[in-house]
Amino acid sequence: ALAVTPNGESLYAASDNGKIFQYSRDIATGSITACSPPTIACGSSGDIYYTIIVSPDNLHVYVAIYSLDIIYQYSRNATNGTLTALSTASVATGNGPYDLKISADGKFVYTLNTIANTFSVFSRNETTGLLTLVSSPAVGGACSYMAISADGASVYAVGATLIYMFVRNNSTGA
């Protein structure tokens, strides 16, 4: 899983060896340089990572770990791009978190839980970055990917033969 910060200054790569690789990125050339330290712990070797996202304000990073049914939560140092685990390092999801999205306003995080056939809606404290579960509605079938419409009004999940649509409340995220 890979993510570039919205401001383009950092790149993060989550791998199945229990680490997130941290890089600073030259905006002009796109070249990357390992941060110091070059990695931070995230789960353990053999865990399955599918998605890593950065908040729109560039302050927090979230990693969905499919094999553990959790999202790891990190703060991001705006000066050097390094990550630090939040005071509550992880939050539980439904079974099999596969895809992870954040609303454009940065107030809500969503994960599609492929084994549970649900998606989890989390409110995001914009100061601390901590996530709090709001709801876990059923999807209706096994889905792998999701998207939030640009206006924030809808959440879509795609299964093998169907696309499911959910009306999204911009105030509660649900």
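This one's a predicted model, so the numbers in the text were calculated from it and none came from an experiment.

Chemist: Break down a nonpolar patch on the surface for me, with residues and values.
Modeler: The grouping of Tyr145, Tyr156, Val158, Ile163, Met165 and Val167 at the surface amounts to a nonpolar patch, some 610 Å² of accessible area in total. Within the residue set of the nonpolar patch, elements represented by two or more residues are strand S14 (154-159) and strand S15 (163-167). Among the elements that make up the nonpolar patch, the one with the highest residue count is S15 (three residues). Residue placement: Val167 occurs in strand S15.

Chemist: Can you tell me about the environment of Thr111, naming the residues and giving the values?
Modeler: Looking at the element boundaries, Thr111 is found in strand S10 (residues 108-113). In the structure, Thr111 is positioned 35 residues away from Met146 in sequence and 8.2 Å away in space, judged by C-alpha atoms. The residues contacting Thr111, other than those within four sequence positions of it, are Ile71, Thr93, Pro97, Tyr98, Asp99, Leu100, Thr118, Phe119, Ser120, Phe122 and Met146.

Chemist: Explain the packing of aromatic side chains to me, and be specific about the residues and the numbers.
Modeler: Going through the model one piece at a time under the given rule, you end up with five aromatic pairs. Ring geometry for Tyr72 versus Tyr74: centroids 6.4 Å apart, planes at 25°, classification stacked. The class for Tyr74 is buried, based on a relative accessible area of 1%. Pairing Tyr98 with Tyr145 gives two aromatic rings, centres 5.4 Å apart and planes at 75°, and the pair type is edge-to-face. Highlighted residues: Tyr98 in strand S9 (residues 97-102) and Tyr145 in strand S13 (residues 143-148), separated in sequence by 47 residues. Relative accessible area serves as the criterion here: at 17%, Tyr98 is assigned to the buried category.

Procedures and definitions
Residues numbered from 1 in each chain as written. Predicted model: local features only at pLDDT ≥ 70, side-chain atom pairs only at ≥ 80, totals over all residues. Heavy atoms only, no water. Patch = residues over 30% accessible without salt bridge, like charges linked within 9 Å, V, L, I, M, F, W, Y side chains within 5 Å. Areas by Shrake-Rupley, 256 points an atom, 1.4 Å probe, with all protein chains shown as cover. Salt bridge = Lys/Arg side-chain N within 4 Å of Asp/Glu carboxyl O. Helix = DSSP H or I, 4+ residues; strand = E, 2+ residues; numbered from the N terminus. Contact = heavy atoms within 4.5 Å. Phe/Tyr/Trp six-rings, centres within 6.5 Å; stacked < 30°, edge-to-face > 60°. Buried < 20%, exposed > 50% of the residue type's maximum accessible area, 1.4 Å probe, protein only.

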